Amino acid sequence: MALLKLPPETLIQIFDHLGSSYFRSDLSRLTVCKQWSEFAHTACFRDLYVTQKTLRRLLSSPYVESSLRLVKNSVETLDLNLKGFEDWDSIPLSGHDPQAVNVWNGALGNAVRATWTTELNNDLLYLAAIIQQSQRLRILRIQATSELHPLLRFLERRDYLFLSTIRAFLSVSNLTSLELDLCGTRLIPHQSQERGEVIHVCTSIAALFTTLRRLRLRMRSICADVLRPPLHCTDLKLNEMLINLSLSNESPVTTSAAHATCCGSSTGGFLQLKADMEKQAQVLVAQMAAPKIVRILTHALPRIEMRAFDVLTGRNVALSEGAQWDDEGEVIEDQVSDDESEISDLSSDDDE
């Protein structure tokens, strides 16, 4: 084939231009011939989208070693999408059974989901151990939404990600872009030494500022430490930073809005957390070489309108429903009223 007679560096550019989606849309495109396959597999695994189910299939596949070798050597973007427990058929119940909610919230249902949670985190730790060896990974996205039974809409919200799991992913070196949207779960202790420890990954995130250019965060617990880079770390390459303190759309069946809470103990509630985040963001901007967008997002009640404090301009902007975090928005002069803020605090307390 004339194409394969081109120099390897040219072939790499051609296959990278085709992109991983070209091969994932038709896997037969990976198997034209042996030489073709080497370049095609590398390009296919450059951008890796993984769900909890595809990860389980990958790790149980007879080709797991070769697949993970490709992950280690080829992946530049890892996109991890988690939805919590989904194996609702593991306990034979009708979703319309009025006792079904009690069963899933009871001892048997909790035991089934607890076993699944341990297996999920073991799989994730295995994946994290592989990408820790990667020299190419630059973009890491992790999204974790709330568990949602297709029929049982009144299950108690349950946490399913271990603190040690997220810490393992945050130990990856050379990341230039980090997106964590963990609105569907708090981080929970797993090992005995973690029990009683404040669940706090903010310093682990801030340690990545030496290489990060882009940071987007939404977590149920957060504090201003997430915006404090390592000592003597100035002239940061970071140019985009968006932190969303609102949990208003964390689930399609959410009927009330909450905000993130501060890591550990805090006497000031959400207002103090918001003030601390905005103040530290202003300090961070002074350490950024060329900031483009720096925002702290919240919501205002009673209509749960999204608001963003633009740190670079000192202005507040209103975002339309469904808008992206970095949308331009409309500049507003009014602030969230004290009454609305107190309501927001109450809704945040209710989430606990």
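Quantities reported herein were computed from a predicted structural model and do not represent experimental measurements.

Caption draft 1: Geometry of helix H4 (residues 52-60). Restricting attention to buried positions, one finds in H4 the residues Gln52, Leu55, Leu58 and Leu59. Down the axis, H4 shows its buried residues gathered within 120° of arc, on one side only. Opposite its buried face, H4 presents the exposed residues Arg57 and Ser60, each directed more than 90 degrees away. Next to the buried residues of H4 lie strand S1 (47-51), helix H5 (64-74), strand S2 (77-82) and helix H7 (107-131).

Caption draft 2: Expanded view of the nonpolar core. Membership of the largest hydrophobic core comes to 78 residues, with the highest contact counts inside it found for Leu78, Phe169, Ile205, Ile222, Met241, Ile243 and Met277. Ranked by the residues each element gives to this core, the list is headed by H7, at seven residues. Those residues in contact with Leu78 that lie beyond four places of it in its chain are Leu48, Val50, Leu127, Ile131, Leu137, Ile139, Leu140, Arg141 and Phe169. Core analysis: the second largest hydrophobic core is formed by eight residues, Met306, Ala308, Leu319 and Trp325 among them.

Caption draft 3: Summary view of the packing of aromatic side chains. Within the structure shown, the criterion is met by five aromatic pairs. Ring centres of Phe85 and Trp88 lie 5.0 Å apart, and the angle between their planes is 85°; on these two criteria the pair is classed as edge-to-face. Taking relative accessible area as the criterion, Trp88 reaches 7% and is therefore assigned buried. Look at Phe85 and Trp116: their rings are 5.8 Å apart centre to centre, the planes differ by 90°, and that puts the pair in the edge-to-face class. Highlighted residues: Phe85 in the loop between S2 and helix H6 (100-105) and Trp116 in helix H7, separated in sequence by 31 residues. You can call Phe85 buried: its relative accessible area is 2%. Take Trp116: its relative accessible area is 11%, and that puts it in the buried class.

Caption draft 4: Structural detail: the environment of Phe154. Of note, Phe154 is situated in the loop between strand S3 (139-144) and strand S4 (161-162). By relative accessible area, Phe154 is classed as exposed at 69%. Sequence separation between Phe154 and Val101 is 53 residues, and the spatial gap between their C-alpha atoms is 7.0 Å. Residues contacting Phe154, with those up to four places away along its chain left out, are Val101 and Asn105.

Caption draft 5: Highlighting the environment of Asp159. By secondary structure assignment, the location of Asp159 is in the loop between S3 and S4. Separated by 14 residues in the primary sequence, Asp159 and Thr145 have C-alpha atoms spaced 10.0 Å apart. Among residues more than four places away in sequence, those in contact with Asp159 are Thr185, Arg186 and Ile188. Reaching out from Asp159, the side chain makes a polar contact with the side chain of Arg157 at a distance of 2.7 Å. Within the structure, Asp159 has its side chain in polar contact with the backbone nitrogen of Arg186 (distance 2.9 Å).

Caption draft 6: A look at the sheet that holds S1. Strands sit in the order S1-S2-S3-S5-S7-S9-S11-S12-S13-S14 across an open sheet of ten strands; the sheet is mixed. Of all strands in the sheet, those with a lone pairing partner are S1 and strand S14 (330-332), marking the two edges. Here the strands of the sheet are splayed against their neighbours by 20° on average, with no regard to which way each runs. Pairing analysis gives five bridges linking strand S12 (residues 305-310) to strand S13 (residues 315-319), with the strands arranged antiparallel.

What counts as what
Residues numbered from 1 in each chain as written. Predicted model: local features only at pLDDT ≥ 70, side-chain atom pairs only at ≥ 80, totals over all residues. Heavy atoms only, no water. Buried < 20%, exposed > 50% of the residue type's maximum accessible area, 1.4 Å probe, protein only. Helix = DSSP H or I, 4+ residues; strand = E, 2+ residues; numbered from the N terminus. Arc of directions from axis to C-beta. Contact = heavy atoms within 4.5 Å. Core = buried A, V, L, I, M, F, W, Y, C linked by side-chain atoms within 4.5 Å. Phe/Tyr/Trp six-rings, centres within 6.5 Å; stacked < 30°, edge-to-face > 60°. Polar contact = N/O pair within 3.5 Å; in protein donor to acceptor, adjacent residues only side chain to side chain. Pairing = 2+ DSSP bridges. Axes fitted to C-alpha atoms, helices over the stretch in contact; angles between N-to-C directions.

All quantities given are derived from atomic positions and should not be read as evidence of function.
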